[in-house]
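Below are the chains, spelled out letter by letter.
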Amino acid sequence: MALKFSSLLLDRVVRATVLTVFTVLLAFPFYWMIITSFKQNVDLYTMENNPFLFNAKPTLDHLKFLFTETRFVRWLGNTAFVGVVVVAITLFLAVPAAYALARLAGRWGERLGIAIFLTYLVPPTLLFIPLSRVVAFLGLQDSLWALILVYPTFTVPFSIWLLMGFFKSIPRELEDAAMVDGLTRFGAFLKLMIPISTSGILTVVIFTFTLVTQEFVYALTFISSESNQMIGTGIPIFLVRGDVYYWGALMAACLIASLPVAFLYNLFLDRFIAGFTVGAVK
Amino acid sequence: MAIDAARLKSGGTGQSPFLSTAMFAPAVLYILLLVGGPFLLAIFYAFSDARIGNAELHFVGLENFRSILESPSFRVAIRNSLVFTIGSQIVVVVSANILAIALETAFRGRGIVRFLILLPWVAPISLGAIGWKWILDSIYSVISWTLVALHFIKPFSAPMWLGEPHLAIASVLLVHSWRIIPFSTVILLAGRTAIPKDIPEAAAVDGAGFWRTQFQIVIPMMRPILSVAVLFGLIFTFTDMTVVYILTAGGPFDSTQTLPSLAFALGIQGSDLAAGAAISLFLVPLLVILAYFMLRIARRAEVS
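Residues numbered from 1 in each chain as written. Chains lettered and ligands numbered in written order. Predicted model: local features only at pLDDT ≥ 70, side-chain atom pairs only at ≥ 80, totals over all residues.

A. Examining the overall build of chain A more closely. When helices and strands are tallied, chain A shows 15 helices and two strands. Relative to the compact-globule value of 19 Å for 282 residues, chain A shows a C-alpha radius of gyration of 24 Å, a clear excess of over 25%. Expressed as a percentage of the 282 residues in chain A, the buried residues total 45%. The long-range fraction of contacts in chain A, counting pairs at least 24 apart against all pairs at least 6 apart in sequence, stands at 73%. (Helix = DSSP H or I, 4+ residues; strand = E, 2+ residues; numbered from the N terminus. Rg over C-alpha atoms; globule rule 2.2 N^0.38 Å. Buried ≥ 20, exposed ≤ 12 C-beta atoms within 10 Å, placed from the backbone. Contact = placed C-beta atoms within 7 Å.)

Here it is, written out as structure tokens:
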């Protein structure tokens, strides 16, 4: 009995230690962003100071600088605008496609669904060179519309895949009953399936939006002027003047831009995992 | 009624080709135009002398590939791409398995711990990387300060984390691991939760210790999900250029350049579309192999 008890205690201690070490290692950069955001420059740039403590009074100067002297707010707006439009396009393309592939096209639809998922594996770093010419050809250089045109290349395949799994989990009998009651197949899709699938569609909305905020390569390639940047490119590139890094403002910007995305993501994490593990977990 | 049933049956088993085509055609068309088209264009550029600002275009055969294969920076890039991808995935697999075990049983505060652990994956990677650039700063690095305070190194002799080739390579590798660990952890955690509780319990009753239960029962049962986590981890790291671009921009002296970052440096910054396209095509063979394994997992799921 004593042996059992001590091994249980040991188990808990080991578990707690492992979790503490990993949590500290993984979350440290974000803790560091918080500390740095509120430190005065004289505190940040004195090497003798213990960097873990506030050696001078905390300050809001970096935040003030960020919101008044930089285009940070503009970048937040750009990101929200592109995010909303890309979400709309993604829903328009992915919801009907996922339904058709899950329900109407049979085995063949399954294959096509997998083929579409595979296009999710074609990375931006393979396509950005030819797409930069497509964007130039369309006269969209340095325009947010270039991003709106291109971002669905990665949001649509992932969304179709997620929604296919979602539609398949809804029993066919529901639609059959609705069609007996006189709805057409398309009517059943619009009036029955879409309302039932609100949570699946909401998941797609959230993930499309977070994928847009996380994207870097296309925004770096297509957008050149300071006022048209997204947060992911504007912060690391335009908050640096020459070789001068405004670390306080930079870290504050990273923090403010990261946290909302992280919260949203966490709310829908389980569905996101389900999208990646379809077929591998039974 | 009988007619209704027949119609329903045919609708239910996928006999409405017109409606279904009309519903998925826009998405398929868009993907063909903006993924398929550019992919072919990349292949076309790789065999041409395309440059930004140069309207004329000539077919040059394998010339781009010949000059790429001869360039030392390309060889460094391909080596780095493999080192970062495989090296970080080893760190990730070990860490994520440990973390998933530790997170498996419920405890107070697990939600908060999960949120904190997930931050590297869910925050935009360019911003996480900027955080690391500050932590690894050449003068004000908190790591250097700590090492000095603990008397591991002398003041003012701190290493340049991102300024010396070997340290820079190690830094990039670890930042990649840092980013993917949360992703793999949550995938593996989902796999663990899916295993019926009585199986490891039965093993424990039969006298199998912790390690034997893990290595001989739980981890083999999780093989499909472990493969999913590893395949996606490999793809995300192999095709990423953000971490390198932000941390080192490929430097010092091209020592941390990867295939994607070199393609960007030559193809976009250097205006040499042909060379950039040819370099990025070297991503394809590994992607095809990984996609093949992905398909095998999907097919196995389809059969069962």
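B. Local environment of the overall build of chain B. On a plain count of helices and strands, chain B comes out with 15 helices and zero strands. Scaling as 2.2 N^0.38, a compact globule of 304 residues should have a C-alpha radius of gyration of about 19 Å, whereas chain B reaches 25 Å, well beyond that. With the principal axes as the frame, chain B shows a C-alpha extent of 80 × 65 × 30 Å. Across the 304 residues that make up chain B, the buried fraction comes to 43%. Sequence-distant contacts, at least 24 apart, represent 70% of the contacts inside chain B between residues at least 6 apart.

C. View of the confidence of the model for chain B. Of the residues in chain B, 94% reach a pLDDT of 70 or more, and the chain-wide mean stands at 89. Reported confidences for the modelled complex are a pTM of 0.91 and an ipTM of 0.90. (pLDDT = per-residue confidence, 0-100.)

D. Expanded view of the nonpolar core. A:Ala98 and A:Ile160 are the most contacted members of the largest nonpolar core, which has 163 residues in total. The leading source of residues in this core is helix H4 (residues 72-104) of chain A, at 15 residues. If we skip the residues at most four places from it in the chain, A:Ile160 touches A:Ala94, A:Ala97, A:Ala98, A:Leu101, A:Gly113, A:Ile116 and B:Ala27. (Core = buried A, V, L, I, M, F, W, Y, C linked by C-beta atoms within 7 Å.)

E. How the structure looks around the environment of A:Phe28. Note on placement: A:Phe28 falls in helix H1 (residues 2-37). Residue classification places A:Phe28 among the partly exposed residues on the basis of 18 C-beta atoms within 10 Å.

F. The interface of chain B and chain A, seen in detail. Between chain B and chain A, the residue contacts involve 81 residues of the former and 83 residues of the latter. It is helix H2 (residues 17-46) of chain B that provides the largest number of residues to the side of chain B that touches chain A, a total of 15 residues. Looking at the side of chain B that touches chain A residue by residue, the classes come out as 63 nonpolar, 16 polar and two charged. (Nonpolar A, V, L, I, M, F, W, Y, C, P; charged D, E, K, R; others polar.)

G. How the structure looks around the environment of A:Val204. Residue and element names in this part refer to chain A. Note that Val204 resides in helix H11 (residues 198-214). A count of 27 C-beta atoms within 10 Å places Val204 in the buried class. With sequence-adjacent residues up to four places away left out, Val204 is seen in contact with Thr90, Leu91, Ala94, Ser159, Leu162 and Leu163.

H. Quick look at the packing of helix H3 (residues 61-69) of chain A against helix H14 (residues 247-267) of chain A. Residue and element names in this part refer to chain A. The interhelical angle for the contact between H3 and H14, taken along N-to-C directions, is 75°, at an axis separation of 8 Å. The angle between H3 and H14 falls in the class roughly perpendicular. Within the contact between the two elements, H3 uses His62, Leu63, Phe65 and Leu66 and H14 uses Gly248, Ala249, Ala252 and Ala253. Its residues placed into classes, the contact of H3 with H14 shows six nonpolar, two polar and no charged. (Axes fitted to C-alpha atoms, helices over the stretch in contact; angles between N-to-C directions. Parallel < 35°, antiparallel > 145°, perpendicular 65-115°, else oblique.)

I. The arrangement of unusual backbone geometry in detail. Residue and element names in this part refer to chain B. Backbone torsion omega between Gly251 and Pro252 reads -10°, so that peptide bond is classified as cis. Topologically, Pro252 is positioned in the loop between helix H12 (242-247) and helix H13 (259-269). Positive phi, close to 60°, is recorded for Asp254, a residue that is not glycine. Of note, Asp254 is situated in the loop between H12 and H13.

J. Spotlight on helix H8 (residues 165-194) of chain B. Residue and element names in this part refer to chain B. Between the first and last C-alpha of H8 there are 43 Å, a value that for 30 residues agrees with the 44 Å anticipated at 1.5 Å per step. For H8, the principal kink sits at Ile180 and spans about 35°; a proline, Pro182, occurs within the next four residues. Of all 30 residues making up H8, 21 are buried, and the element is well covered by its neighbours. (Expected span 1.5 Å × (residues − 1). Bend = angle between axes of the 7 residues up to and from the residue.)

K. Highlighting the environment of A:Gly106. For A:Gly106, the position within the fold is in helix H5 (residues 106-119). Distance from A:Gly106 to A:Leu211, taken between C-alpha atoms, is 30 Å for residues 105 residues apart in sequence.

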